[in-house]
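# Residue-level structural notes
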Amino acid sequence: MEYRIDAVVEAFSGAERVCVFTGAGASKESGLPTFREIDGEWKHYDPMTFATLEGFLSEPVQVWNMYRMRQRQIGEAQPNGGHSVIAQMERQYPHFLLVTQNVDDLHERAGSRKLVKIHGDCWGMRCLQCCETYDTRDFDFPAEFTTETLPICPKCEVLCRPDIVWFGEFVPDDAMHAAVWSSSTCDLMLVVGTSGEVSGGYGFVERAAMNGATIVEINPTEGILTQHAHIWVPEPAGVVLPKIWQCLTMYK
Ligand code: OAD
């Protein structure tokens with residue numbers, strides 16, 4: 001499939017209801033790893049241990065310390081040009097939602113406010129008993145936990161887990177409803193940096209396609225969502241999104 005930047009610009013300039021759907025590739029130019037690529041997180045960390053409740057319950061120190069390490073990486077990373085363009089889009093379109101699978105906060109730090117985080121937030125922790133959520137940054141936690149210093153709920157003194165949607169768990173209802181509504185009613189869906197290995201199951205892209213939306217995918221590698229794309233842009237998001245946005249601004 002060949003892509004022409006003017007076709008992308010035309011799709012954006014004619015749109016009114018926009019749904020942007022992002023995955024780990026959106027943060028690649030910020031220096032954060034993806035999950036399933038050759039150097040991805042799941043090549044270094046077994047997802048059965050680091051991304052399931054069972055794994056957490058059997059190795060809580062190991063799992064928490066992996067998330068502490070990711071928090072440090074994310075804290076040091078900066079939003080890239082792609083995050084910044086997506087943040088500007090929400091001010092351009094009256095009906096807009098960013099649905100992100102990313103647990104980093106780079107979209108928010110770039111200025112995105114109309115967003116739902118369907119896989120949780122790497123800074124959050126949740127009590128295993130009362131389910132109260134907390135921001136880990138509000139606590140004076142050590143850089144690395146030991147069995148004695150693991151995060152405990154201030155109310156019930158039970159172990160807290162990372163506030164992330166792990167394998168075998170459900171996306172929170174509010175976030176799911178918002179994402180389903182936006183993807184089912186948009187006239188343009190922009191899919192950025194996701195393999196679709198997890199998100200394909202949610203059917204957001206299929207919903208948008210069924211509603212007659214134009215689907216634009218930005219991903220250097222063809223994946224299972226590419227078959228739905230009317231326009232596939234095989235380039236890094238952090239590089240190509242600013243180019244597209246600049247053309248769009250000139251076009252207007
Ligand atoms: P994946 O690692 O599965 O896919 C990342 C995608 O980004 C791949 O399709 C890459 O080709 C693409 N990519 C790489 N560099 C890019 C760039 N510079 N610009 C645009 N795209 C690029 O990550 P996700 O699809 O996000 O869940 O994975 C979905 C979920 O699986 C994650 O949210 C995570 C994981 O388990 C949780 O952490 C709960």
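Residues numbered from 1 in each chain as written. Predicted model: local features only at pLDDT ≥ 70, side-chain atom pairs only at ≥ 80, totals over all residues. Heavy atoms only, no water.

### Points about the overall build of the chain
- Secondary structure summary: the chain contains 10 helices and nine strands in total.
- Relative to the compact-globule value of 18 Å for 252 residues, the chain shows a C-alpha radius of gyration of 19 Å, a close match.
- In terms of its C-alpha atoms, the chain occupies a principal-axis envelope of roughly 60 × 30 × 30 Å.
- For the chain, the proportion of its 252 residues judged to be buried stands at 51%. (Helix = DSSP H or I, 4+ residues; strand = E, 2+ residues; numbered from the N terminus. Rg over C-alpha atoms; globule rule 2.2 N^0.38 Å. Buried < 20%, exposed > 50% of the residue type's maximum accessible area, 1.4 Å probe, protein only.)

### Some points on the sheet that holds strand β7 (residues 188-192)
- Strand order in the open sheet formed by six strands is β3-β2-β1-β7-β8-β9, with parallel pairing between adjacent strands. Looking at the sheet topology across the chains shown, the edges are occupied by β3 (115-117) and β9 (231-233). Averaged over all neighbouring strand pairs, the angle between strand axes comes to 15°, with direction disregarded.
- Of the pairings in the sheet, the one linking strand β2 (residues 95-100) to β3 comprises three bridges and is parallel in character. Residue pairing in the sheet places Thr100 in a bridge with Lys117 of β3.
- Helix-sheet contacts for helix α1 (residues 5-13) involve β7, β8 (214-218) and β9, and the interaxial angle to β9 is about 120°. (Pairing = 2+ DSSP bridges. Axes fitted to C-alpha atoms, helices over the stretch in contact; angles between N-to-C directions. Contact = heavy atoms within 4.5 Å.)

### Quick look at the packing of aromatic side chains
- Tallied over the full model, the rule gives 11 aromatic pairs.
- Between Phe21 and Phe204, the ring centres sit 5.3 Å apart and the planes meet at 90°, which makes this aromatic pair edge-to-face. Here Phe204 lies in helix α9 (residues 204-210) and Phe21 lies in strand β1 (residues 17-22), a separation of 183 residues in the sequence.
- For the pair Phe56 and Trp166, a centre-to-centre distance of 5.6 Å together with 40° between the ring planes defines the contact as tilted. Linking Phe56 in helix α4 (residues 53-58) with Trp166 in the loop between β6 (160-164) and α8 (173-185), this pair joins segments that are 110 residues apart in sequence. Across the pair, exposure class does not vary: Phe56 and Trp166 are buried alike. (Phe/Tyr/Trp six-rings, centres within 6.5 Å; stacked < 30°, edge-to-face > 60°.)

### Some remarks on the sheet that holds strand β5 (residues 133-135)
- The three strands lie next to each other as β5-β4-β6, forming an open sheet whose pairing is antiparallel. Whereas interior strands pair on both sides, the edge strands pair on one side only; in this sheet they are β5 and β6. Going from strand to strand, the sheet's axes swing by 45° on average, the running direction of each strand aside.
- Note that strand β4 (residues 120-127) and β6 share four bridges and pair antiparallel. Residue pairing in the sheet places Met125 in a bridge with Pro162 of β6.
- Together, β4 and β6 form the strand contacts of helix α5 (residues 60-76), whose direction differs from that of β4 by roughly 145°.

### Side note on the nonpolar core
- Counting residues in hydrophobic clusters, the biggest one holds 28 residues, and the most contacted among them are Phe12, Val20, Met89 and Leu190.
- Broken down by secondary-structure element, the contributors of at least two residues to this core are α1, β1, α6 (81-92), β2, β7, β8, β9 and α10 (237-251).
- With six residues, α10 is the single largest residue contributor to this core. (Core = buried A, V, L, I, M, F, W, Y, C linked by side-chain atoms within 4.5 Å.)

### Section: the pairing of β4
- With six of its eight residues buried, β4 lies for the most part within the structure.
- Relative to β5, β4 runs antiparallel, the two being bridged by three bridges. Of the residues in β5, the one forming a bridge with Gly124 is Asp135.
- Here β4 folds back onto β5 in antiparallel fashion, the turn holding five residues, of which Cys131 has a positive phi close to 70°.

### Re the site of the ligand
- Neighbouring the ligand are 25 residues; Phe35, Arg36, Thr194, Ser195 and Asn219 lie closest to it.
- Thr194 is positioned such that a nitrogen or oxygen atom in its side chain is 2.6 Å from an oxygen atom of the ligand.
- Here an oxygen atom of the ligand sits 2.6 Å away from a polar atom, N or O, in the side chain of Ser195.
- In isolation the ligand has 790 Å² of accessible area, and contact with the protein removes 95% of it.
- Grouping the constituent residues of the shell around the ligand by class yields 11 nonpolar, 10 polar and four charged. (Near = heavy atom within 4 Å. Polar contact = N/O pair within 3.5 Å; in protein donor to acceptor, adjacent residues only side chain to side chain. Areas by Shrake-Rupley, 256 points an atom, 1.4 Å probe, with all protein chains shown as cover. Nonpolar A, V, L, I, M, F, W, Y, C, P; charged D, E, K, R; others polar.)

### Observations concerning the environment of Arg109
- Note that Arg109 resides in helix α7 (residues 106-110).
- Judged by relative accessible area, which is 36%, Arg109 ranks as partly exposed.
- Considering only alpha carbons, one finds Arg109 and Ser84, 25 residues apart in sequence, at a separation of 8.9 Å.
- The contacts of Arg109, once residues within four sequence positions are left out, are Ile74, Gly75, Ala77, Gln78 and Pro79.
- At a separation of 2.5 Å, a polar atom in the side chain of Arg109 contacts the main-chain carbonyl oxygen of Ala77.

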